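Examining the three-dimensional arrangement
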Amino acid sequence: MTDDRQGPRRRRQGELEALVLSVLGEAEGPVSAGWVQERLGDDLAYTTVITILTRLLAKGVVTRERAGRSFAWTPAADQAGLAAHRMRRVLDAESDREAVLASFVTGLGPDDERLLRELLGRSDGE
């Protein structure tokens, strides 16, 4: 006999963090955790949203400022900056940085490789 009951869907690691960052990226400025919770819907508990925001704060990808008795939250960077931060975290977690970078670069398409070379050339001149 099979059990057809559906429990809450288990999210992949980092999925909620990505959703929270996406919502924060849509905001016009600093927002409350309640505002984030409303936009996420999905019946997430307020405490879950606070936990995620606090984890993101510890990772340096969001900032907060005092707003009355609570906090207002904002992304620490734009979408490109947040993606770059995630890439650096992945790279930092690996023991063989050279192998990871070499694998990444060899997997780039011609246009991305050209762009990377241009960007590296610009940084040499600074």
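That block above? That's the structure.
Before going into details, it helps to say that this report is about the structure given with it. Residue numbers restart at each chain and count upward from 1, following the sequence in its written direction. Per-residue local features of the predicted model are confined to residues with pLDDT of at least 70, and side-chain atom pairs are confined, for both listing and counting, to 80 or more; whole-chain, interface and lining totals are unaffected and use all residues. With hydrogens and water excluded, all non-hydrogen atoms of the structure serve as input to the side-chain values.

Topic: the pairing of strand 1 (residues 62-67)
Rules: By this definition, two strands are paired if DSSP reports at least two bridges between them. Put simply, DSSP H or I for four residues or longer makes a helix, DSSP E for two residues or longer makes a strand, and each gets a number counted from the N terminus.
Note: strand 1 against strand 2 (residues 70-75), 6 bridges, orientation antiparallel. Within the sheet, the bridge partner assigned to Glu65 lies in strand 2 and is Ala72. Where strand 1 folds back on strand 2, the antiparallel hairpin that results is connected by 2 residues, among which Gly68 adopts a positive phi of roughly 70°.

Considerations on the nonpolar core
For the record, the criterion: We call a set of buried Ala, Val, Leu, Ile, Met, Phe, Trp, Tyr and Cys residues a nonpolar core when their side-chain atoms join them within 4.5 Å. Only protein chains enter the area calculation, which uses a 1.4 Å probe; residues under 20% of their type maximum are buried, those over 50% are exposed, and those in between are partly exposed. Contacts are residue-level and defined by heavy atoms, with any inter-residue pair within 4.5 Å sufficient.
In this structure, Val20, Leu24 and Val36 are the most contacted members of the largest nonpolar core, which totals 19 residues. Of all the secondary structure elements, the ones that give two or more residues to this core are helix 1 (15-26), helix 2 (33-40) and helix 3 (46-58). It is helix 1 that contributes the most residues to this core, 5 residues altogether. Once you skip the residues sitting within four places of it in the chain, Val36 turns out to touch Val20, Val23, Leu24, Val31 and Val49.

Some details on helix 4 (residues 79-92)
The condition is simple: A helix is expected to reach a length of 1.5 Å times the quantity of its residues less one.
Helix length check: helix 4, at 14 residues, gives a terminal C-alpha distance of 20 Å against a target of 20 Å (1.5 Å per residue), a fit within 8%. The elements touched by buried residues of helix 4 are helix 1, strand 2 and helix 5 (97-106).

Here we look at the packing of helix 1 against helix 2
Between two packed helices, the angle of one axis relative to the other and the distance separating the axes together describe the packing. Definition in use: Helix axes use the C-alpha atoms of the stretch in contact, all axes being lines fitted to C-alpha atoms, and the angles between their N-to-C directions lie in the range 0 to 180 degrees. Oblique is the label for every angle not falling under 35 degrees (roughly parallel), over 145 degrees (roughly antiparallel), or within 65 to 115 degrees (roughly perpendicular). Under the convention adopted here, Pro, Cys and the residues Ala, Val, Leu, Ile, Met, Phe, Trp and Tyr are nonpolar, Asp, Glu, Lys and Arg are charged, and Gly plus all remaining residues are polar.
Closest axis-to-axis distance for the helix 1/helix 2 pair is 10 Å, and the angle between their directions is 105°. With respect to helix 2, the element helix 1 is oriented roughly perpendicular. Within the contact between the two elements, helix 1 uses Leu19, Val20, Val23 and Leu24 and helix 2 uses Trp35, Val36, Arg39 and Leu40. Across the contact of helix 1 with helix 2, the residue classes break down as 7 nonpolar, no polar and 1 charged.

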